[in-house]
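Commentary on secondary and tertiary structure
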Amino acid sequence: MFIPTLVLWLLSASPEAPVTPPVPVEAPPPVMPADVPPLTEAVRVLLRLTIDSGGEVSQVEVQESGGAAFDRAAMAAALRWRFQPARRGEEPLEVRVDVPVMFEPVVEVEEPAPPPKPEPPAFSTTVRGQSAAPPPVAVGDFHITVGQLADVPRNSATDLMLLAPGVMLANHGGEGHAETVYLRGFDAGEGKDVELRLDGVPLNEVSQAHGHGYADTYFIIPELVQSLRVTEGPYDPSQGDFGVAGTVEYQLGLEQRGITASASYGSFASRRLSLVWGPPESTAATFVGVLLRQGHGFGPNRAYANAGLMAQTELRLGPETKLRLFGASYGARYGSAGVVRETDVVDARLPCEPDADSQFFCLYDPNQGGASQRHMASVELTSRLGRGGRFVQQAFAIARRMRSRENFTGFLQDTPPIGEAQRGDNTEQSYQGTTVGLRGRYTPGLTWWGQPQPVELGYVARYDNVHTRARRLRDKGGAPYATVFDNQVRVTNLGAYLSLRGAPLEWLTLRGGVRVDTFLFGVEDLNRPAEDRQGARIPEESVEAYGFFASPRASAEVRLTPRLTWLTSAGLGARSSDAAGLSDAEFAPYARVTSGETGLGWRWGDGPSSLELRSAVFATRVSQDLVFSETTGRNQPIGPSQRLGAFGSARFQWEQHLDVQASLAWARATQPLPGAPSWRLWDGAVLPYIPQVLGRVDASWRGTATVARQPVGWSVALGHSAIGPKPLPLDRYSESIFLFDVAARARWRAVELGLSVENLLDARWRESEFNYVSNFRGPDAPASLLATRHFSAGAPRTVRGTLTVYLDLQEDRP
């Protein structure tokens, strides 16, 4: 491994007035060229940069060459650097600077000594290669750089959410179905209580047939995720609809320049092929990625196949303006085994081999699974204004189609014609529509009392036009025999927010703001009766409704020491109404969440080595909660709920060698007793399906070894999840779950070999568990009234080998 050393020297400055030099705010180091032989001594490349008045690198020239490959690597990195511009007084200046870039072999010693610091002349600074994240609005506001933790085995980009404390994922629908998210004591379903965004583009789907707020992140290519912002709780004024438990935003970027091609093959004929490309002369915001996945699945009816493409380019329209264009396309098809009864598994009644493993991974109904398509585009224009201001405008469009089939109860829900048997409870849910919208934010760059006072104004305009439907299917043949609902839904959401931050005292920072949202719902109910008491009628009906809510949020940060802060936050959030349940001319109700949090944060180090610790306690009340119903296959309202919890997290990074993140969270979710005071958050009936204790560890260790006199880079990684017992209906509890995933890889020059093992101990675990009445014995069998445990099986040990090739297709220049 090699460490590039970057030192910035100011070349030109006017003698008329004192000049403040440019200050680096984002400077990722160059990548060591893959096609060069091992270095025996340092290589130096001297670059001359032109840094414009907006802090952007507008031109790069090589003053002293270190070789074509090193020149390209240094120039590609320099074009991605960002600075606070040089200034003469308050006026930003364009300057030229010389930057020596050093590529040095790493010397392994027992205690690494700090690199020597050259004696720079006036106006010099050191480029650190890492931009600082904006200050958090709460202890539970995490700006998570993926970095080395990408080495930990993960099936999809959804699994990156596990890097935040208190998150658990479960999937009962198949490889391609959205994950159920558990966050901060909430069963957030597939998105009903967690707002999901992709670089500002909303992913939650209104009035989705599977559940209001359904959000599928399976289409996101993991290699293109640079970081995540996970805000647990409704504490930032920019958080919008569905941000009840919090908000997760995926932020894209590709640091690795050139072409990276990767092919994997593993257990159950799983195949994965990815190709990502970042032009060497562009920034990390310009990339193309393609991902293909296919496999038989770890049991019957679990086969899957999907393909996705994501592309983005960033264009400079002037010294102060840049344009970012993004597009994505995705298609998937998957099977699902659904759920099985615990008693049928134990008694070996399922239609598979009688051994324990075959019964555990078996199924009742093979007519389960789904298909999904998504196409999306986004245009974002960013303009830098005077005095540090910024104006960002974004337009987006999404076309979406999904169809799924699930059977949770067998033969129980149907009311057949007289004399006929049950036709089956398989439910087909379909969703098709488009979303278009605008988002924007404006930071004027105000200065009061000689200090910058961050103020931000933002807005959102979103329009959804979707067709959402649910039907019952016959057990034999799969033909639909009854319509549960069939709606054409049109929703307009207009929102705006104001956010400001000030420091009235040196040790005190106050943040606050308010968000206002309005909703206009239009519903065409296409499933009305063809006849009523007054005679024949058209089987359709129109509904219009309106909703409005305001959500104030505030926080106070007290700096107890230079490294230790105490942060207290409070806020209101909301979840909009499912349009399918509204009445005509109704003032649409919404679920209101009230949340508060207080805790401590401590950080050491801002360079390549750092340690960050956080811990907090929180309390939350929701006016109208939703819980999964097996009879409808979607979430249903249950009334108010409350939560009390705490979490702790730690992340340690040492140079480019070790990265460890660990978290532990506890939460108790209950329904308050009738008439109980609101402050008694620990009383009441425990809500089902929400684990009270969650633990997670992610770790990666990288190094370099010498094999046959050749340097070989290597890494080992570990992911561990510990999930405490989950309460089930009727005072039952699930078993605890402990999962271990490991990976190792080695790279020589441009070729890398990797091996990953998920569920290393081959545990037989239940990914989702329920407790209810069902009848899977047949349409003529008498239904039992006794509730019993049902589960969907989690994946057994899965081994996968990977071959990766890193290519730089630029020809060497003379």
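Residues numbered from 1 in each chain as written. Predicted model: local features only at pLDDT ≥ 70, side-chain atom pairs only at ≥ 80, totals over all residues. Heavy atoms only, no water.

1. Regarding the layout of surface pockets
Selection rule: Computed over the protein atoms alone on a 1 Å grid, cavities are sets of points where a 1.4 Å probe fits but cannot get out and pockets are open sets with protein on both sides within 12 Å along at least five of seven lines; a residue lines them when it has an atom within 4 Å of a point. Grid points are joined across faces, edges and corners, and a volume is the space filled by probe spheres set on the points. Secondary structure elements follow DSSP: runs of H or I of four or more residues count as helices, runs of E of two or more count as strands, with numbering from the N terminus. Residues are grouped as follows: nonpolar covers Ala, Val, Leu, Ile, Met, Phe, Trp, Tyr, Cys and Pro; charged covers Asp, Glu, Lys and Arg; every other residue, Gly included, is treated as polar.
Its volume calculated, the second largest pocket comes out at about 650 Å³. Taken together, 31 residues make up the lining of the second largest pocket; nearest its centre are Ser577, Asp578, Ala580, Gly581 and Leu582. Ranked by residue count, the leading element in the lining of the second largest pocket is strand E40 (residues 634-654), at 4 residues. Looking at side-chain class alone, the lining of the second largest pocket contains 11 nonpolar, 12 polar and 8 charged residues.

2. With respect to the nonpolar core
Inclusion rule: Residue types Ala, Val, Leu, Ile, Met, Phe, Trp, Tyr and Cys, when buried and joined through side-chain atoms within 4.5 Å, form a set referred to as a nonpolar core. Each residue gets one of three labels from its accessible area relative to the maximum for its type: buried under 20%, exposed over 50%, partly exposed in between, using a 1.4 Å probe on protein chains only. Two residues qualify as a contact provided that any one of their heavy atoms is within 4.5 Å of a heavy atom in the partner residue.
With 56 residues, the main nonpolar core has Leu198, Ile220 and Tyr250 as its most contacted residues. A per-element tally of this core places strand E23 (residues 321-335) first, with 4 residues. Apart from residues no more than four positions distant in its own chain, Ile220 is found in contact with Ala157, Leu198, Leu203, Val225, Tyr250, Leu252 and Met310.

3. Some details on a nonpolar patch on the surface
Threshold: Within this analysis, patches are made of residues with over 30% relative accessible area and no salt bridge. Like charges are joined at 9 Å or less; nonpolar side chains (Val, Leu, Ile, Met, Phe, Trp, Tyr) at 5 Å or less. Each accessible area is a Shrake-Rupley result for a 1.4 Å probe, and residues are judged covered by the shown protein chains and nothing else. Here, a salt bridge means any Lys or Arg side-chain nitrogen found within 4 Å of an Asp or Glu carboxyl oxygen.
On the surface, Leu385, Phe391, Tyr442, Leu457, Leu498, Leu500, Val514, Val516, Leu520, Tyr546, Phe548 and Phe587 cluster together into a nonpolar patch covering about 960 Å² of accessible area. For the nonpolar patch, the secondary-structure elements that each account for two or more residues are strand E31 (480-505), strand E32 (508-525) and strand E35 (541-559). No other element matches E32, which puts 3 residues into the nonpolar patch. The topology assignment puts Val516 in strand E32.

4. Observations regarding helix H1 (residues 68-78)
In terms of burial, H1 is a largely internal element, 10 of the 11 residues being buried. Inspection of H1 places Ala69, Phe70, Asp71, Arg72, Ala73, Ala74, Met75, Ala76, Ala77 and Ala78 among the buried residues, and these make up the whole buried set.

5. Some thoughts on the state of the cysteines
The condition that has to hold: Any cysteine sulfur atom paired with another within 2.5 Å is treated as part of a disulfide.
Taken as a whole, this structure holds 1 disulfide when the rule is applied. The residue that forms a disulfide with Cys352 is Cys362, at a sulfur-sulfur distance of 1.9 Å. Negative torsions about the S-S bond denote left-handed disulfides, and the value of about 80° found for Cys352 with Cys362 makes this one right-handed. Within this pair, whereas Cys352 is found in the loop between helix H2 (342-346) and helix H3 (356-360), its partner Cys362 is found in the loop between H3 and strand E25 (369-384), the two being separated by 10 residues in sequence. The class for Cys362 is buried, based on a relative accessible area of 2%.

6. Observations concerning the packing of aromatic side chains
Just so we agree on the cut-off: Aromatic rings from Phe, Tyr and Trp, with only the six-membered ring used for Trp, were paired whenever their centres fell within 6.5 Å, and each pair was classed as stacked if the ring planes differed by under 30 degrees, edge-to-face if by over 60, and tilted otherwise.
What the rule picks out here adds up to 16 aromatic pairs. Taken together, a centroid distance of 5.1 Å and an interplanar angle of 85° make the contact between Phe360 and Phe361 edge-to-face. Here the two residues Phe360 and Phe361 agree in accessibility, since each one is buried. Feature note: the residues Phe298, Phe360, Phe361 and Phe791 constitute an aromatic cluster, connected by ring pairs.

7. Quick word on the sheet that holds strand E8 (residues 91-93)
Where we set the bar: Whether two strands pair depends on DSSP finding at least two bridges between them.
Read from one edge of the open sheet, 3 strands run E2-E7-E8, paired in antiparallel fashion. With partners counted over all chains shown, the strands left at the sheet margins are strand E2 (19-20) and E8, one partner each. Two elements, strand E7 (residues 86-88) and E8, share 3 bridges in a ladder whose sense is antiparallel. Looking at the pairing, Arg87 lines up with Pro92 of E8.

8. Comments concerning the confidence of the model for the protein chain
Parts of the model with low pLDDT should not have their predicted coordinates read in detail. Worth spelling out the cut-off: For every residue, the predictor reports its confidence as pLDDT, a number between 0 and 100.
The predicted model of the protein chain averages 87 in pLDDT, with 91% of residues at 70 or higher. Least confident of the elements in the protein chain is strand E10 (residues 125-126), whose mean pLDDT is 30; most confident is strand E21 (residues 287-295), at 98. Taken as a whole, residues 106-132 scores under 50 in pLDDT and shows 35 contacts with residues more than four places along the chain or in a different chain.

9. What about the sheet that holds strand E11 (residues 141-145)?
Strand order in the open sheet made by the 5 strands is E11-E17-E18-E15-E16, with mixed pairing throughout. In the strand order of this sheet, the two ends are held by E11 and strand E16 (201-202), each with one partner. One ladder, built from 5 bridges, connects E11 with strand E17 (residues 225-232); its direction is antiparallel. Paired with His143 across the two strands is Arg229, which belongs to E17.

10. Quick look at the environment of Tyr463
Topologically, Tyr463 is positioned in strand E30 (residues 455-473). Residue classification places Tyr463 among the partly exposed positions, given a relative accessible area of 31%. Considering only alpha carbons, one finds Tyr463 and Val491, 28 residues apart in sequence, at a separation of 5.7 Å. Setting aside residues no more than four positions away along its own chain, Tyr463 makes contact with Thr434, Thr435, Val436, Arg490, Val491 and Thr492.

11. Examining the side chain of Ser555
Keep this limit in mind: The definition of a polar contact used here is a pair of N or O atoms within 3.5 Å, where within protein one atom must be able to donate a hydrogen and the other to accept one, and adjacent residues in sequence count solely through side-chain atom pairs.
By secondary structure assignment, the location of Ser555 is in strand E35. Of the polar contacts made by the side chain of Ser555, one reaches the backbone oxygen of Val137; its length is 3.5 Å.

12. Quick notes on the pairing of strand E26 (residues 390-406)
Moving residue by residue along a regular strand, the side chains alternate between the two faces of the sheet. The sheet contact formed by E25 and E26 spans 16 bridges and is antiparallel. The partner of Arg374 across the bridge, within E26, is Arg400. Relative to strand E27 (residues 426-443), E26 runs antiparallel, the two sharing 17 bridges. The residue bridging Arg405 from the neighbouring strand is Glu428, located in E27.

13. Overview of the pattern of salt bridges
If you walk through the whole model with that rule in mind, you get 46 salt bridges. Arg48 is paired through a salt bridge with Asp98; the nearest N and O atoms lie 3.0 Å apart. With a gap of 50 residues between them, Arg48 in strand E4 (residues 43-51) and Asp98 in strand E9 (residues 95-105) connect regions that are remote in the sequence. Relative accessible area serves as the criterion here: at 11%, Asp98 is assigned to the buried category. Between Arg374 and Glu205 there is a salt bridge, with its nearest N and O atoms 3.4 Å apart. Residue Arg374 is located in strand E25, and its partner Glu205 is located in the loop between E16 and E17; the two are separated by 169 residues in the primary sequence. Comparing Arg374 with Glu205, the two get one shared label, buried. Residues participating in the shared-partner salt-bridge network are Lys192, Asp193, Arg575, Asp625 and Arg643.

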